[in-house]
Amino acid sequence: MLKVDNLNVYYGKIHAIRDVSFEVNTGEIVSLIGANGAGKTTTLHTVSGLLRSTTGSITFDEKDISHLEPHKLIKYGIAHVPEGRHVFLQMTVLENLEMGAFSMNKVLKEDIERVYDLFPRLKERKSQVAGTLSGGEQQMLAMGRAIMSHPKLLMLDEPSMGLSPILVDQIFSIIKDLHSIGTTILLVEQNAGKALKISDRAYVLESGRIVLSGTGKELSESPEIKKAYLGG
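Residues numbered from 1 in each chain as written. Predicted model: local features only at pLDDT ≥ 70, side-chain atom pairs only at ≥ 80, totals over all residues. Heavy atoms only, no water.

Asks: Which residues make up the overall build of the protein, and what are the values?
Replies: Along the protein, the regular secondary structure elements total 10 helices and 10 strands. Since a compact globule built from 232 residues should have a radius of gyration of about 17 Å, the 17 Å found for the protein is in line with a globular shape. With respect to the principal axes defined by its C-alpha atoms, the protein has extents near 45 × 40 × 30 Å. Scored against the burial criterion, the 232 residues of the protein give a buried share of 48%. Taking the contacts inside the protein whose residues are at least 6 apart along the sequence as the reference set, 67% of them involve residues at least 24 apart. (Helix = DSSP H or I, 4+ residues; strand = E, 2+ residues; numbered from the N terminus. Rg over C-alpha atoms; globule rule 2.2 N^0.38 Å. Buried < 20%, exposed > 50% of the residue type's maximum accessible area, 1.4 Å probe, protein only. Contact = heavy atoms within 4.5 Å.)

Pasting the structure below:
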């Protein structure tokens, strides 16, 4: 579904992403793991058009999307839930969800109900202003808003960041539910243990380079990964 080939991204003179290549196949959960500053978020931003690579290409469903503007990717079937959630704080939960469907030209009641089925807490708070929600609820809202566009590929950037262990478990359970109904997921996550547990495949980024790749099981059992990321 997604093929990323030979990306190189700079912030001024800083070479943030170095020759990064990876693939996401239809129906997979693929994770990018690594320490803070490894280049995970920069990679997602490049895929979604917020940053540009000086080399290489990005193809989605065999179409070159390397130079498309970010808002045009939604119609291709790509949704990006950014780090920090970025919900519309002055709007209600329902209004945020309706904004997620702008590319569909109309809001369908069944789409709203589908989100509420996945996130019952959002239904309870549908008339509440988003800025008054907890961090976990805002994360659920950001994910629900993205789902409203019926994405083929859902890109999640640090969905567990800053959440309590109970909420982290809930978020990962919802990611598995989304996967079970056919959503392909590209996950950026510092919680390597949780990410690898649900991933079909994963890539390890260090200093802007992919240094390891394999199935989630292979990487979770790797002595190198255990020592660096899993506390083993």
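From this point, the discussion proceeds with the structure in view.
Asks: Outline the sheet that holds strand β8 (residues 184-189), listing residues and values.
Replies: Ordered in space as β6-β7-β8-β3-β9-β10, the 6 strands form an open sheet in which the pairing is mixed. Each edge of the open sheet is held by one strand with a lone partner, namely β6 (78-81) and β10 (209-215). Between one strand axis and the next, the sheet turns by 15 degrees as a mean value, whatever way the strands run. Sheet topology note: the strand β7 (residues 153-157)/β8 ladder contains 5 bridges and is parallel. Residue pairing for β8: Leu156 is matched across the bridge by Leu187. (Pairing = 2+ DSSP bridges. Axes fitted to C-alpha atoms, helices over the stretch in contact; angles between N-to-C directions.)

Asks: A description of the packing of helix α3 (residues 93-100) against helix α6 (residues 135-147) should follow, citing residues and the corresponding values.
Replies: Relative orientation of the contacting elements α3 and α6 amounts to 35 degrees, with a least axis distance of 7 Å. For the crossing formed where α3 meets α6, the hand is right-handed. Contacts between α3 and α6 involve Val93, Asn96, Leu97 and Gly100 on the former and, on the latter, Leu141, Gly144 and Arg145. Class assignment of the residues belonging to the contact of α3 with α6 gives a composition of 3 nonpolar, 3 polar and 1 charged. (Left-handed = near helix turned anticlockwise from the far one by under 90°. Nonpolar A, V, L, I, M, F, W, Y, C, P; charged D, E, K, R; others polar.)

Asks: Tell me about the pairing of strand β9 (residues 201-206), and please be specific about residues and values.
Replies: In terms of residue burial, β9 counts as a mostly covered element, since 5 of its 6 residues are buried. Across 4 bridges, the pairing between strand β3 (residues 29-33) and β9 is parallel. Counted as the bridge partner of Ser31 is Ala202 from β9. Relative to β10, β9 runs antiparallel, the two sharing 6 bridges. Note that in β10 the partner of Glu206 across the bridge is Arg209. In textbook terms, the turn of a hairpin is the stretch between consecutive antiparallel strands, and for β9 and β10 this stretch comprises 2 residues, one of which, Ser207, has a positive phi near 50 degrees.

Asks: Explain unusual backbone geometry to me, using residue names and the numbers behind them.
Replies: Phi is positive for Asp61, which is not a glycine, with a value near 50 degrees. Mapped onto the fold, Asp61 is located in the loop between β4 (57-60) and β5 (63-64). Judged by relative accessible area, which is 27%, Asp61 ranks as partly exposed.

Asks: Quick rundown of the side chain of Thr183? Include the residues and the values.
Replies: By the secondary structure assignment, Thr183 is in the loop between α7 (165-180) and β8. Here Thr183 falls in the buried class, since its relative accessible area comes to 8%. When neighbours within four sequence positions are excluded, Thr183 is seen to be in contact with Pro151, Lys152, Leu154 and Leu178.

Read these as geometric descriptors, not functional statements.
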